[in-house]
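# Chains, contacts and geometry: an overview
Each chain, written out:
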Amino acid sequence: MSQHHLKPLFAPKSVAVFGASDRIDAVGQIVFQNMLQSGYQGTLYPINPMRAEVQGCKAYTSIADIVEPVELAVIATPAQTVPDIIEECGKHNVKAAIIITAGFGEAGEEGKALEHAVLENAKRYGIRLIGPNCLGVMRPAIGLNATFNKGSAIAGNLAFISQSGALCTAILDWAQSSGIGFSSVISMGSSVDVDFGEILDYLISDTKTHSILLYIEGIRNARSFMSAIRAAARIKPVILVKVGRHPVASKAAMSHTASLVGSDDAFEAAVRRAGVVRVQSVTQLFSAAKALSCGFHPTGDRLAIVTNGGGPGVMATDCAADLGLVMASLSDVTMEKLNQALPSTWSHGNPVDIIGDAQADRYQSAVRACLEDPNVDGVLTILTPQAMTKPLEAANIVIELSSKYNKPLITSWMGGDQVTASRAAFKKSRIPTFRTPEPAVEVFSYLSAYHKNQKLLMQVPGPLSHHLEPDVEGARMVIEGALQERRKVLSEMESKALLSAFHIPVAQTMVAHSPNEALLIAQQLGFPVAMKVNSPDITHKSDAGGVLLNLTNAQAVRAAYHEIMENVKLNRPDAHMDGISIQPMIVKPNGRELMVGVTNDPVFGPVITFGAGGTTVEVMGDRSVTLPPLNSFLVKDLIQGTHVSRMLGAFRHMQPADMDALESVLLRVSEMVCELPMLMEMDINPLILDENGALAADARVVVDFRLPGADRYAHMAIYPYPTHMVSNWQLADGTDVLIRPIRPEDAALSQDFVRHLSEESRYFRFMNSVHELSDAMLVRFTQIDYSREMALIAVTEDEHKNEIELGVTRYAINPDGESCEFALVVADSMRGKGLGHKLLTLLMDAARIAGLKTMEGEVIKSNASMLKLMTRLGFSIESDPDDDALKFVRKVL
């Protein structure tokens, strides 16, 4: 159980190559030749029924002729032969296959039938597949080169996963000449079985992989992808390129939000929440990977530039502004240091122009001063070779400084022959260096984005953000009522009722069905009033002539009723009208018109957007996009991503807007998304915000049926913190215990808990002599994805109200999706007090709710108390066939 289920794919002990050949340039010939020449460390079997020998090795007619076990099959035979080959492999107990062959789902109906047959056979025997239609897989450290690439790869610590085989070959050729090495190169092809999620999961624990690079064309399973990429990014830098940023087609949508938010917006929001860096080109992919592997500790986006030429400094500054970076404001202390060290003609600002005749000593003084400035997050040092310049001496000074500080230090030694030695010195010292300033600034922007996105990754919001709970059941009844009437678009009244159920302030609205009723309602609400057509078919009411504002008397109201009805009949004769909605005219002199919206991305599910509101939202296009669930930190990040955020502070005669009210609305919208899976689209436009609060003046909601399941948040790409699993318990001595799912901020608590366990308890839990948890283990144990694992910790409080961990239990779902492995450990002082029984009982309940059928684990044979607990809880106990010192325990849930 300790072995990853994809080990036969990526670390096989034996490989059979179907289609191995001597025919020059045949795919099978290249694949087998690559396996031989790369020095594969396992056993290799060529399979070719027409040959007794292939490339000097004994060939086999079929896999049935091989008496030894085969872990991996590499298939390079015609598509029509592949289903039977998979069947043969299954009978031989092969656990993984790489299908290089094309001609399946991409080749019409006949190909789709073949693909279906391959998958059916593979599932029947439990064979995991890479491909079809792929370049293959490389693992240089073990000599595995199961590809038809001409040549191998240098062994290194970068893992590259690509949905394009052609791009893989180009990158491998370029990387070879650039001295870039790989731990893995994985071409996924059609990825009919193993996808990004499982590959990333394997690479998390792969000690030879330090950074992960992805080339993505599309995502199939958002939950699996987000779960795995977030887990990977917590431990290793993940950098990706995603193509298809500007799709030609745009979907028809029922709301403003859906027409504003494209698929790339949702993808961008997803990867930011995943803590990864997204770049736009393959060159940037490797530049970012190099920078993130240099040992820097990125802390922000404030850049200082030190240069001996004004022009390059300005070029770098322009690039920084284009990328949204902040030119650091140097502190008074730094300015004084620079004044003392530099000639009086220096620039007296950032960029720090140390003048063209600068020698190494000026570089030393200026770069060191900037690195020591708390207002600076990174330094770009530029040198242009001039008559008196000594590039290598300056480079050596920068290298020396780099070893003393953790802040990013990036260099651009411009020119040719005069700076060649300097670039070589930088490269040897692993300092990012570039020929021109712009790519250097880009790399700093990636470091900054990595720091920012890692902070987003650490956020674990719950589904509910307020103490005042919403009326979820009432909101569901509104939606179900509309769906029972076969309506998917809620009326304005229903939409506002939904908002009210979640405590979002709405403008009081009533609907009139005649001019006289409109007059009575207007008098009841008080003049002036606004009148709008009430129609599920009309999104842009103003465009249809369906809005009249600031109506101040009875005559105007009656006339407006007739005018709106006539306008809509003329402009939208197909639209169904259900009267005219009337509300008090909202008079807010300092009001800012905003829009908050929800749409559903076909891959990533619900998406929340915020930006400028009013009738020009599509034209202005000012919006920021994020994935739910949200908390205060994520809401602030969402707001700051818009232009309209600059208008929310004090502005000319206007007082600053009530940001707490805006935050509350966005958190409430997040709650709606979490708790109402049937909510497909929503516009709150305009949301009027001033110094006194927020008010939803208009709202539009689109709903649809969604089948309920065991997973209450299955509709979301990011699983919320499971607050419903928090419970209170009490020990027999009266000690109050809180049992809750683990959180990222529990890292210090968990470390302290493990340190205070007895040596025996640590051995029973970790099966080795662990004294304390490594940083990677802490991340792995506390930053979990609740959709694929669960950890419940029991805590109490000391006399200072500080939490103390008493025990923890966890499960991780196995690849079959039906079973899980579990672990349990309690503090030595808690033994015999029933805490282990309570924790494991709650964990089993959680596993049942998640739809799991069995729970299993390994227990050291000498751990008598744990085995006794297993018996009491109904676990079966068997000897572990692979280890006499272990017992295998299992329970059907």
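Everything numeric here is computed off the predicted structure, so don't read it as measured data.

### Digging into the side chain of Lys 891
Secondary-structure assignment places Lys 891 in strand E37 (residues 886-892). Salt bridges are absent for the buried Lys 891, whose nearest opposite-charge side chain, Asp 845, sits at 9.6 Å. One polar contact links the side chain of Lys 891 to the main-chain carbonyl oxygen of Leu 873, over a distance of 3.0 Å. Residue contacts for Lys 891: discarding those within four places in its chain leaves Met 844, Arg 848, Lys 853, Thr 854, Met 855, Leu 873, Gly 874 and Phe 875.

### Section: the sheet that holds strand E7 (residues 128-130)
Read from one edge to the other, the open sheet built from five strands follows the order E2-E1-E5-E6-E7, with strand pairing classed as parallel. Across the chains shown, the open sheet's two edge strands, defined by having one partner strand only, are strand E2 (43-47) and E7. Averaged over all pairs of adjacent strands, the angle between strand axes in this sheet comes to 20°, irrespective of strand direction. Strand direction decides the pairing type here: strand E5 (residues 72-75) and strand E6 (residues 96-99), joined by four bridges, are parallel. Paired with Ala 73 across the strands is Ala 97, a residue of E6. Across the sheet, helix H2 (residues 27-37) is in contact with strand E1 (14-18), E2 and E5; its angle to E2 comes to roughly 160°.

### With respect to the UniProt feature "domain: ATP-grasp" (unreviewed entry) in the protein
Under the UniProt annotation, the feature "domain: ATP-grasp" (unreviewed entry) is placed at residues 496-532. Helix makes up 46% of residues 496-532 and strand 19%, with an end-to-end C-alpha separation of 14 Å.

### Considering the packing of helix H16 (residues 437-457) against helix H22 (residues 632-640)
When two helices pack together, their arrangement is captured by the angle between the axes and the distance separating the axes. With their axes 10 Å apart at the nearest point, H16 and H22 run at an angle of 140° to one another. When the axes of H16 and H22 are compared, the pair comes out oblique. Within the contact between the two elements, H16 uses Lys 452, Lys 455 and Leu 456 and H22 uses Phe 633, Leu 634 and Asp 637. When its residues are assigned to classes, the contact of H16 with H22 shows three nonpolar, no polar and three charged.

Criteria and cut-off values
Residues numbered from 1 in each chain as written. Predicted model: local features only at pLDDT ≥ 70, side-chain atom pairs only at ≥ 80, totals over all residues. Heavy atoms only, no water. Helix = DSSP H or I, 4+ residues; strand = E, 2+ residues; numbered from the N terminus. Buried < 20%, exposed > 50% of the residue type's maximum accessible area, 1.4 Å probe, protein only. Lys, Arg positive; Asp, Glu negative; His and termini not counted. Salt bridge = Lys/Arg side-chain N within 4 Å of Asp/Glu carboxyl O. Polar contact = N/O pair within 3.5 Å; in protein donor to acceptor, adjacent residues only side chain to side chain. Contact = heavy atoms within 4.5 Å. Pairing = 2+ DSSP bridges. Axes fitted to C-alpha atoms, helices over the stretch in contact; angles between N-to-C directions. UniProt positions renumbered as here; feature names shortened; annotations may be inferred. Parallel < 35°, antiparallel > 145°, perpendicular 65-115°, else oblique. Nonpolar A, V, L, I, M, F, W, Y, C, P; charged D, E, K, R; others polar.

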